[in-house]
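A closer look at the structure
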Amino acid sequence: MDERLERYVTELFAPEDAVLSAIRARHDALGLPPILISPDEGKLLAVLLRAIAAARVLEIGALAGYSGVWLARALTARGTLTTIEKDPRHADLARRAYAEAGVADRVQLLEGAALELLPTLVPGFDAVFVDADKAPLAQYFEWSLRLLRPGGLLLCDNAFFHGAVVDPADRSPDAEGVRAFNRLAATDPRVLAAVAPIRDGLVIGVKVLG
Ligand code: DHB
Ligand code: MG
């Protein structure tokens, strides 16, 4: 999107409150990778969760908690966000972010490797937001489908992966992981999915009622 239009939409539809701005500012100040979701992407996630009255949401890849605050705020009154983070430094920052946003009581942060923790979770999630390491994305796709309820939302950040998905020279495990997820989301009959071209591309899918 044109930069001016992007700013227009963000300022109008997704202004950050003081809590979100502080989390983003701290993230930047600490020199963490500038890969957090954008406010307009956070707002779209919130709209989608509200549309289905999501009460149980899973996030794979908490980073420093910014996206989790958007997700947790969009839950129903007694809803819960389960989020997985393998980097202890990010997990500490995420916990701090949830506390500052007043959502700590609705967020369960699991520290460790997603592929070890996913098998311990109880299925029935209303939505899964995948925003973690890219190489294992095909496995995250499979786990997400196993853990989602029929009609649940499959959401995945970085469908474009900075354009790497269409760079034939990029055969890195990360780029291949993103391609594999996109291919599965597009063609697996258990999912109906589209890509919203917001920031780095957001896959939005629904686990079809089976
Ligand atoms: C990368 C990962 C992300 O989740 C993201 O949103 C942007 C970039 C990366 O690994 O490069
Ligand atoms: Mg991402």
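Calculation notes
Residue positions are given per chain, counting from 1 as you read along its sequence in written order. Working convention: letters from A go to chains and numbers from 1 go to ligands, in the order in which they are written. Per-residue local features of the predicted model are confined to residues with pLDDT of at least 70, and side-chain atom pairs are confined, for both listing and counting, to 80 or more; whole-chain, interface and lining totals are unaffected and use all residues. The side-chain quantities take in all heavy atoms of the structure and omit both hydrogens and water. The way it works is that DSSP assigns letters per residue, a run of H or I at least four long becomes a helix, a run of E at least two long becomes a strand, and they are numbered from the N terminus. By definition, residues are in contact when any of their heavy atoms lie within 4.5 Å. Categorising residues by exposure relies on relative accessible area from a 1.4 Å probe, with only protein chains included: less than 20% of the type maximum marks a residue as buried, more than 50% marks it as exposed, and the intermediate range marks it as partly exposed. Here, proximity means that at least one heavy atom of the residue falls within 4 Å of the molecule or strand. Polar contacts, as counted here, are pairs of nitrogen or oxygen atoms within 3.5 Å of one another; within protein the pair requires one atom able to donate a hydrogen and one able to accept it, and residues that are adjacent in sequence qualify only if both atoms are side-chain atoms. All accessibility values rest on the Shrake-Rupley procedure with a 1.4 Å probe; residue burial counts only the protein chains present in the view. Because no water is among the atoms considered, metal sites can look incomplete, with donors defined as N, O and S atoms within 2.8 Å of the metal, or 3.2 Å for Na, K and Ca. For Phe, Tyr and Trp, where Trp contributes only its six-membered ring, two rings pair if their centres lie within 6.5 Å, and the inter-plane angle classes them as stacked under 30 degrees, edge-to-face over 60, or tilted in between. Both a distance and an angle decide whether a charge sits over a ring: NZ of Lys or CZ of Arg must be within 6 Å of the ring centre and within 35 degrees of the ring normal. Points on a 1 Å grid, built from protein atoms alone, make a cavity when a 1.4 Å probe fits but cannot get out and make a pocket when they are open with protein on both sides within 12 Å along at least 5 of 7 lines; residues with an atom within 4 Å of a point are the lining residues. Grid points are joined across faces, edges and corners, and a volume is the space filled by probe spheres set on the points. Three categories are distinguished: nonpolar for Ala, Val, Leu, Ile, Met, Phe, Trp, Tyr, Cys and Pro, charged for Asp, Glu, Lys and Arg, and polar for the others, with Gly belonging to the last.

1. Re the environment of G177
- Counting through the fold element by element, G177 comes out in helix α8 (residues 173–187).
- Separated by 38 residues in sequence, G177 and Q139 place their C-alpha atoms 9.2 Å apart.
- Contacts of G177, omitting those with residues within four sequence positions, involve K134, A135, L137 and A138.

2. A look at unusual backbone geometry
- In this model, L63 sits at a positive phi of 50°, which is unusual for a non-glycine residue.
- Tracing the chain through its elements places L63 in the loop between β1 (56–60) and α4 (66–73).
- In the Ramachandran plot, H162 falls in the positive-phi region, its phi being about 55° despite a non-glycine side chain.
- With respect to the secondary-structure elements, H162 resides in the loop between β5 (148–157) and α8.
- Note on H162: relative accessible area 63%, which makes it exposed.

3. Re the site of ligand 1
- Inspection of the region around ligand 1 gives I35, D131, K134, D157, N158, F161, H162 and R199 as its neighbouring residues.
- The separation between an oxygen atom of ligand 1 and a polar side-chain atom of N158 is 2.7 Å.
- With respect to ligand 1, the side chain of H162 contributes an N or O atom lying 3.2 Å from an oxygen atom.
- Notes on ligand 1: free accessible area 290 Å², of which the protein chains cover 79%.

4. Comments concerning the coordination of the magnesium ion (ligand 2)
- In this structure, D131 (OD), D157 (OD) and N158 (OD1) serve as the protein donors to the magnesium ion (ligand 2), at separations of 2.0 to 2.2 Å.
- Counting gaps between the donor residues of the magnesium ion (ligand 2) yields the pattern D-x25-D-N. Placement of D131 in the loop between β4 (125–130) and α7 (137–147) and of D157 in strand β5 is noted, with a sequence separation of 26 residues between them. No difference in accessibility class separates D131 from D157, as the two residues are buried.

5. A few points about the environment of A164
- Counting through the fold element by element, A164 comes out in the loop between β5 and α8.
- Relative accessible area serves as the criterion here: at 10%, A164 is assigned to the buried category.
- For A164 and P33, which are 131 residues apart along the polypeptide, the C-alpha to C-alpha distance reads 18 Å.
- Not counting the four nearest positions on each side in its chain, A164 is found in contact with D170, A175 and R179.

6. A look at the packing of aromatic side chains
- Applying the stated rule across the entire model yields one aromatic pair.
- Measuring from ring centre to ring centre gives 5.4 Å for F141 and F181, while their planes differ by 85°; the resulting arrangement is edge-to-face. Remark: F181 occurs in helix α8 and F141 occurs in helix α7; sequence separation between them is 40 residues. For the residue pair F141 and F181, the accessibility class agrees, reading buried in each case.
- The cationic tip of R24 hangs over the ring face of Y66; the distance from NZ or CZ to the ring centre is 4.5 Å.
- One residue, R56, lies across the ring of F125, its end atom 4.0 Å from the ring centre.

7. Brief notes about the layout of surface pockets
- Counted as a void, the largest pocket has a volume near 410 Å³.
- Lining of the largest pocket is provided by 24 residues; of these, G61, E85, D131, A132 and D133 occupy positions nearest its centre.
- Within the lining of the largest pocket, the residues separate by chemical class into 11 nonpolar, five polar and eight charged.

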